[in-house]
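Secondary and tertiary structure notes
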Amino acid sequence: MTVVFYLIAAITVAGGLAAVLLKNLVHCALAVTIAFGGIALLFLSLDAQFAGFVQILVYIGAVAILIVFAILLTRGSDVPKDGVFSPTWLTGVAIASAVFAVMGWAVINSVNAIPQLAAVPHVTVHDIGVALVGSYVLPLEIVALLLTAATVGAVIVAMHEKGGAE
Amino acid sequence: MTPLGGYLLVAALMFAIGLAGALVRRNAIMVLIGIELMLNSANLNFIAFWRYGTHPEALTGMMFAIFSIAVAAAEAAVGLGLVIAIYRHTHTTELDKINRMKG
């Protein structure tokens, strides 16, 4: 538990909270980008360099841009007059607090029973590449197929309807 | 509190924030943002258990996190495409106004 960990954790949680609480959707997208960056820094502080840079590339580079595009295409940057929270927001906050209470209780009570190694694992990108085309080659192919299907599906779903109702 | 416990608590807090965002906000894009936050906190758990667990050289947690990031990217693309298609049809992304399945 170093000062660096507390700083990164505070940035991440603040980004997440701002993303949920801010009214303007463009500000929310910026705040969620900060939260994604904080998670990437947490990956780097866990000596998972490859996962950290993948997180930066995929989430900050692609998902955040996609969210901003969706907000601008749906004119979501106008703040609605009747509030951004649903009428049942109290129930949602209660459910989220209960989930956090249960998970925090479970973590605090059980984390000392898990064997934990302090040594830094020596894993290079070469090892990850060998594992990806070795023992994990079938999941890799399935993910490739899934990404292709998702790309085609997203284009077809968002395409203009030909001669539709309007 | 061990280092692993700290990371797990941060992940639990991020999951709760994402869940609150998905349940509380009225805009469909904000619900997707909340889901992305929840997926990210799950990835943080995978990486934390990989770092502090036994046999990190087996790369199990790392591989799970990488595949999870790939699936989450596909989910974000399809989800935002659906939001754009619904907006084109109903001219709104407020979830409590989208209450008809026949359009």
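For the structure given in this document, a descriptive report is provided here. (Residues numbered from 1 in each chain as written. Chains lettered and ligands numbered in written order. Predicted model: local features only at pLDDT ≥ 70, side-chain atom pairs only at ≥ 80, totals over all residues. Heavy atoms only, no water.)

**Let's talk about the side chain of A:S86**
Mapped onto the fold, A:S86 is located in the loop between α3 (49-73) and α4 (89-110). Those residues within four positions of A:S86 in sequence are excluded, and the remaining contacts are B:L23, B:V24 and B:R26. (Helix = DSSP H or I, 4+ residues; strand = E, 2+ residues; numbered from the N terminus. Contact = heavy atoms within 4.5 Å.)

**Some details on a nonpolar patch on the surface**
A grouping of A:V152, A:V155, A:I156 and A:M159 is seen on the molecular surface, where their side chains present a nonpolar patch of about 370 Å² in accessible area. Considering the arrangement of structural elements, one finds A:I156 in helix α6 (residues 137-158). (Patch = residues over 30% accessible without salt bridge, like charges linked within 9 Å, V, L, I, M, F, W, Y side chains within 5 Å. Areas by Shrake-Rupley, 256 points an atom, 1.4 Å probe, with all protein chains shown as cover. Salt bridge = Lys/Arg side-chain N within 4 Å of Asp/Glu carboxyl O.)

**Description of helix α5 (residues 125-133) of chain A**
Buried within α5(A) we find A:I128, A:A131 and A:L132. All buried residues of α5(A) lie within an arc of 100° about the axis, which places them on one face of the element. With respect to the buried face of α5(A), the exposed residues turned more than 90 degrees away are A:H126 and A:V133. In this structure, the buried side of α5(A) is in contact with α3 and α6 of chain A together with α3 (60-90) of chain B. (Buried < 20%, exposed > 50% of the residue type's maximum accessible area, 1.4 Å probe, protein only. Arc of directions from axis to C-beta.)

**Quick word on the nonpolar core**
If you look at the biggest cluster of nonpolar residues, it comprises 64 residues, and the most contacted ones within it are B:I47 and B:M62. Of all elements in the fold, only α1 (3-21), α2 (25-45), α3 and α5 of chain A together with α1 (3-24), α2 (28-52) and α3 of chain B reach the threshold of two or more residues within this core. The element that contributes the greatest number of residues to this core is α3(B), accounting for 12 residues. Inspection of this core shows a minimum of three residues originating in each of domain 1 (1-79) and domain 2 (122-166) of chain A. Those residues within four positions of B:I47 in sequence are excluded, and the remaining contacts are A:F43, A:L46, A:A48, A:A51, B:M62 and B:A65. (Core = buried A, V, L, I, M, F, W, Y, C linked by side-chain atoms within 4.5 Å. Domains from an automatic or database assignment.)

Interpretation note: all reported values are geometric properties and have no functional meaning in isolation.
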